[in-house]
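Structural overview for review
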Amino acid sequence: MSEWLENHLPKVVLAPSFIAVLIFVYGFIGWTAWVSLTRSKLLPKYEIKGFIQYERLFDSPRWDTAINNLYIFGALFIVIAMVLGLLLAILLDQKIRVEGAIRTIYLYPMALSMIVTGTAWKWILNPGLGIESMVQGWGFTNFEFDWLVNPDYAIYTIVMAAIWQSSGFVMALFLAGLRSVDGEIIKAAQVDGIPTWRIYTAIIIPSMAPIFLSAFIVLAHLAIKSFDLVIALTGGGPGYATDLPATYMYAMAFSRGDIGQAASSAMIMMLVVFAIVVPYLYSELRAKND
Amino acid sequence: MAPILDINKLYKNYGATEILKDINISIEPGDFLVLVGPSGCGKSTLLNCIAGLEEITGGTLSIGGNDMTHVSPKDRDIAMVFQSYALYPTMTVAKNITFGMKVRGVDQATQDAKLKEVAQLLQIEPLLNRRPSQLSGGQRQRVAMGRALVRDPKLFLFDEPLSNLDAKLRVEMRTEIKKLHQTLDASIVYVTHDQIEAMTLATKIVVLKGGVVQQIGTPAEIYNNPANLFVADFMGSPAMNLIPAQAHKNGAGTQIAIARDSGETLVLNDARDLALPKDVILGLRPEDIAEAGFRAGDGVQEAECLVDMVEPAGADTYVVSELGGKQVTARLHAETSAQAGKMLNLAFDMSKVSYFAQETGERLN
Amino acid sequence: MTDLSMPQSQTEPRSQSAVGKVALRWLLYVLLGLFALYYLMPLFVMLTTSLKSLEEIRTGSLISLPREVSFDAWKTAWSGACTGIQCEGLRPYFWNSVLIAVPAVAISTLLGALNGYVVAHWRFKGANIIFSLMLFGCFIPFQVVLLPMARLLGMMGIAGTIPGLIFVHVIYGLGFTTLFFRNYYVTIPSELTKAARVDGAGFLRIFWSIFLPLSLPIIVVTVIWQFTQIWNDFLFGVSFSQAGTQPVTVALNNIVNSTTGVKEYNVDMAAAIIAGLPTLLVYVVAGKYFIRGLTAGSVKG
């Protein structure tokens, strides 16, 4: 018996976690997928009725707004955070004397909760007392900056806060990438008389392709899951002007009592993440096994 | 006396891949068995199978007369020294050495006595309170051996223990392992890819290739009578010259014809009565080709050859010449007058020649 | 934008005058300084606002220093601010977060260490698939498990309780903690395990005597990562808690968005700082490990 236990202990140890993941990740995904195909409303029903919830979803103007917002937010957030992160990484890569301190400053927002970040930016962007009144106080009395409460522009305030929160992290990723480029290649290029900016554009940045991919995956993933920042900054408003899929799902699940809509919107989010992450994970795991 | 290690029809597969095929090895107490072969030949897997770290797929394995086929490593009465030494990084040298005894519940007094004995034997007493990271490569090697010695097992297993040391230290440690073997009269299985290590240490060598035993024998047998072309080529440095040739019966002996670039065929006579096919591969070690006049004996035949290259190596000078389309190396004395581009009279000791079949590579004589 | 990196251009010393080089160097530092200001500004604004009186906030500028430093807002935020109907400040919720985070971090780290040890050193058939499945669990949007989890917690009778939140955080933290330990343990040579097995040590003994003493760095990374994740969590907190068991992030959001009475911005800011302080402190004290966790969590291998 003890011999059997000793031989199978590794499996015994791993089993609870594995079973937990099977049930609470894959089982639950299955449950949600199932319910998304029913007419569930306040309570889940288990009789499959086809894609009616998805039809409702795509007919809903609110979901339409959420998806549009995800496009705008996702594109701007990913592109700006990557550009800013790369720029900061290159600036910091110039043998800066106080690099450690500067890096710490650029990265600290990542340690904060999105709720804290949202609260801070909500105050900074407050039309009556924030930046607007500050600039007006400098004498620019016509200055207007009411994006936070403007349905057409409120989504951009979320972009601003999200970039503030995450760009330092992208910088850290890129900086690690810059540092991992083979020093001998750079020396060889310098000996060949290639100017520094060309070394960056022609040698270093192309060799960082995997880091770009990682950064993209992480940022895209953050964008799709964005929930707390919206809640704290705009609450999804004005109206539902800044709804994202995550807030739509939450509203359907917990305040509107529309489980069918909640499940179908969650499944769409899941599929988007799936489409981005699975090819990445697959290639990563395969590369490691080779 | 019962063999200390007896491996019988051992097979090892990983999925569909056969790693080891029909291995049969048996050694007596006090033997120093070396498993040698190129990387990927299965020698380390075989050692892991002996240790019980890998389950075997088929066959049986016994240590000290007891069947160990399905016994876990800790109950096999073995000790093992690893290539990377595998010292426990967070433990001191003393703790590293006594960890096994501690796990087995040996009392403290015995542990201390054993530790002292081994530390003395290996001269590592001043190191006992250090961590592995504070030791040099050679010191780590000694500690790893200490960890094995303290167990006083029936069988020691060494997995390429010297391959992480620099050349000089490797030779020193080699001598020391040999000395230890002689003082302790221990039974050892030792894995290496270095054929010189195999020759110097072993009382018995197993040459492996592709998971199949090529030859088992004493170092002298392996060196002088390689069982096939692979063993002939693998053992010895510089390698044995392997020259395509044609054999003809010539009275009681055999006439050997070797083609040369110059067009002129080199004909040598082997006085032995051999039954050879027409096409053979002739194997002759570099030291069995000397400068004319420096080698005497019944089988010695002289012939003029064009010297392509001269490589002085201190104690000897190697001379390279083309024979049968191959670069043939001869090992001459240091003061040879050989010059590249000139002709030189070479003495071939035909009594030492090995013959191999061209197709199968198997030994013919 | 890569042109900005030119200051380093030492490869053509003659083409650039020494003065130009110094100027570029200055420009570089000015740029870095401006960015530092950008990142620090919100923290500065939060801090100064929290120390001002409401009167001063209404009349003064966003970035001016407080004329009179007052800690009243901090007191209110800690023990008097209203989250909906209750007005007990952040304090009870702060402790809720501690009560959730500490056990959840401890359990998920311990399980992650054991799982990582198995996956890295005791490979058995199917171990790779199990690991891949667990890894993928890190990436799902949690919205997809919210509904069934809410029902399950209800069935288990721990809906809206702190043990319920601990359970949720442990389950969905396992993928990452396993990944961290697995990636760390694969760098430990397998010969070490073999040597210990020959020495007679078993599965748990090897973990306890050999792997655990080596694991301090990765334990620190994992604990920091898990603590930050759990402390900063909002989605699970808001979905699976009820009045009285909410974590600090949910309470903060309630304070800020509570519509009763006068809007007290200084209290909001003080509350935000209090809610962010633990993770910020961890970051300042152990930033190196924090960054390692972030990058390990995103760039696999």
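Because the structure is a prediction, the values reported are computed rather than measured.

Calculation notes
Residues numbered from 1 in each chain as written. Chains lettered and ligands numbered in written order. Predicted model: local features only at pLDDT ≥ 70, side-chain atom pairs only at ≥ 80, totals over all residues. Heavy atoms only, no water. Helix = DSSP H or I, 4+ residues; strand = E, 2+ residues; numbered from the N terminus. Rg over C-alpha atoms; globule rule 2.2 N^0.38 Å. Buried < 20%, exposed > 50% of the residue type's maximum accessible area, 1.4 Å probe, protein only. Contact = heavy atoms within 4.5 Å. Areas by Shrake-Rupley, 256 points an atom, 1.4 Å probe, with all protein chains shown as cover. Buried area = accessible area lost by both parts, 1.4 Å probe. Salt bridge = Lys/Arg side-chain N within 4 Å of Asp/Glu carboxyl O. Polar contact = N/O pair within 3.5 Å; in protein donor to acceptor, adjacent residues only side chain to side chain. Arc of directions from axis to C-beta. Pairing = 2+ DSSP bridges. Axes fitted to C-alpha atoms, helices over the stretch in contact; angles between N-to-C directions. Parallel < 35°, antiparallel > 145°, perpendicular 65-115°, else oblique. Left-handed = near helix turned anticlockwise from the far one by under 90°. Domains from an automatic or database assignment. Core = buried A, V, L, I, M, F, W, Y, C linked by side-chain atoms within 4.5 Å. Patch = residues over 30% accessible without salt bridge, like charges linked within 9 Å, V, L, I, M, F, W, Y side chains within 5 Å.

Let's shift gears to the overall build of chain A. Scanning chain A from N- to C-terminus turns up 13 helices and 0 strands. Start at the N end of chain A and walk to the C end: the helices and strands fall as α-α-α-α-α-α-α-α-α-α-α-α-α. What you see for chain A is a C-alpha radius of gyration of 24 Å, clearly larger than the 19 Å of a compact globule of 290 residues, by over 25%. If one aligns the C-alpha atoms of chain A with their principal axes, the spans along those axes are about 75 × 70 × 35 Å. When each of the 290 residues of chain A is scored for burial, the buried share is 55%. Pairs at least 24 residues apart make up 69% of the contacts formed inside chain A by residues separated by at least 6 positions. Counting only carbon and sulfur atoms, one obtains 65% of the accessible surface of chain A, whose full area is about 12500 Å².

To continue, consider the interface of chain C and chain A. Counting residues at the interface gives 96 residues for chain C and 103 residues for chain A. Surface buried jointly by chain C and chain A totals about 9100 Å² across both partners, of which 76% is contributed by carbon and sulfur atoms. Linking chain C to chain A there are 0 salt bridges. Joining chain C to chain A, the criterion identifies 22 residue pairs in polar contact (both at pLDDT 80 or more). Ranked by residues supplied to the side of chain C that touches chain A, first place goes to helix α1 (residues 18–50) of chain C with 16 residues.

A few words on helix α2 (residues 52–59) of chain A. Since the α-helix turns once every 3.6 residues, residues separated by three or four places project in the same direction. All names here are of chain A. Every buried residue belonging to α2 is among Gln-53, Tyr-54 and Leu-57, and all of these are buried. Mapping the buried residues of α2 onto a view down its axis gives an arc of 95°, with all of them on the same face. More than 90 degrees from the buried face of α2, the exposed residues found are Glu-55 and Asp-59.

Moving on to the sheet that holds strand β4 (residues 58–63) of chain B. All names here are of chain B. Read across the open sheet, the 4 strands follow the order β2-β1-β4-β5; overall the sheet is antiparallel. Only two strands of the sheet have a single neighbouring strand rather than two, namely β2 (17–27) and β5 (66–67). Two elements, strand β1 (residues 5–14) and β4, share 5 bridges in a ladder whose sense is antiparallel. Bridging from a neighbouring strand, Asn-8 pairs with Thr-60 of β4. In this fold helix α1 (residues 43–51) packs onto β1, β2 and β4, with an angle of close to 115° to the strand it touches most, β1.

Residues and elements named next belong to chain C. Two elements in contact, α1 and helix α13 (residues 265–285), have axes whose closest approach is 8 Å; the angle formed by their N-to-C orientations is 125°. Classified by the angle between their axes, α1 and α13 sit oblique to one another. The handedness of the crossing between α1 and α13 is left-handed. Mapping the contact onto sequence places Leu-43, Met-46, Leu-47, Thr-49 and Ser-50 in α1 and Tyr-265, Asn-266, Met-269, Ala-270, Ala-272, Ile-273 and Leu-280 in α13.

On to the domain arrangement of chain B, then. All names here are of chain B. The domains assigned to chain B are domain 1 (5–234) and domain 2 (241–357). Across the boundary between the two partners, domain 1 contributes 9 residues, which contact 7 residues of domain 2. Interface area, domain 1 with domain 2, both sides summed: about 630 Å², of which 57% is carbon and sulfur. On the domain 1 side of the interface with domain 2, the three residues burying the most area are Tyr-223, Leu-229 and Ala-232, jointly 72% of the side's total. Connecting domain 1 to domain 2 are 0 salt bridges. Scanning the region where domain 1 abuts domain 2 turns up 2 residue pairs in polar contact (both at pLDDT 80 or more).

All names here are of chain B. A full pass over the atoms with the stated rule returns 19 salt bridges over all chains. Arg-331 is the partner of Glu-287 in a salt bridge, and the nearest nitrogen-oxygen pair spans 3.9 Å. With Glu-287 in the loop between β14 (279–284) and β15 (289–291) and Arg-331 in strand β18 (residues 326–333), the pair connects residues that are 44 residues apart, well separated along the chain. Given a relative accessible area of 24%, Glu-287 falls into the partly exposed group. A salt bridge links Asp-288 to Arg-295; its shortest N-O distance comes to 2.9 Å.

What follows covers the interface of chain B and chain C. Interfaces are often sized by the accessible area lost when the parts come together. Each partner contributes residues to the interface: chain B has 26 residues there, and chain C has 15 residues. Carbon and sulfur atoms make up 62% of the area that chain B and chain C hide from each other, which totals about 1800 Å². Applying the counting rule to chain B against chain C returns 1 salt bridge. The salt bridge partner of C:Asp199 is B:Arg151, with a shortest N-O separation of 3.7 Å. Counting only elements with at least two residues in the side of chain B that touches chain C, the list comes to β6 (78–81) and α2 (93–103) of chain B. Per-element tally for the side of chain B that touches chain C: the top contributor is α2(B), with 4 residues.

All names here are of chain B. The omega angle of the peptide bond from Ser-237 to Pro-238 is -5°, so this bond is cis rather than trans. With respect to the helices, strands and loops of the structure, Pro-238 is situated in the loop between α8 (229–234) and β11 (241–250). Even without being a glycine, Gln-123 presents a positive backbone phi close to 55°. Within the element layout of this structure, Gln-123 appears in the loop between α3 (108–122) and α4 (137–149). For Gln-123, a relative accessible area of 59% gives the class exposed. With a phi angle near 50°, Asp-152 is a residue other than glycine that sits in the positive phi range. Residue position: Asp-152 is located in the loop between α4 and β7 (155–159).

Attention now goes to the nonpolar core. Note on soluble globular proteins: their nonpolar side chains tend to be buried together. In terms of nonpolar packing, the biggest core is built from 243 residues, with A:Tyr106, B:Leu5, B:Leu46, B:Val189 and C:Tyr172 touching the most fellow members. Top contributing element to this core by residue count: helix α3 (residues 61–92) of chain A, with 16 residues.

Residues and elements named next belong to chain B. If you trace the 5 strands from one edge of the open sheet to the other, you get β15-β19-β16-β17-β18, paired in antiparallel fashion. Of all the strands in the sheet, just β15 and β18 have a single pairing partner and so form its edges. Within this sheet the neighbouring strands show an average axis-to-axis angle of 50°, counted without direction.

Turning our eyes to something else, we now look at the side chain of C:His169. On the secondary structure map, C:His169 appears in helix α7 (residues 162–185). Discounting residues that sit within four places of it in the chain, C:His169 has contacts with C:Ile100, C:Ala104, C:Gln226, C:Ile230, C:Asp233 and C:Phe236.

Quick look at a nonpolar patch on the surface now. Residues A:Trp138, A:Phe140, C:Phe44, C:Ile63 and C:Leu65 make up a contiguous nonpolar surface patch of about 550 Å² in total accessible area. Using a relative accessible area of 34% as the deciding quantity, one classes C:Phe44 as partly exposed.

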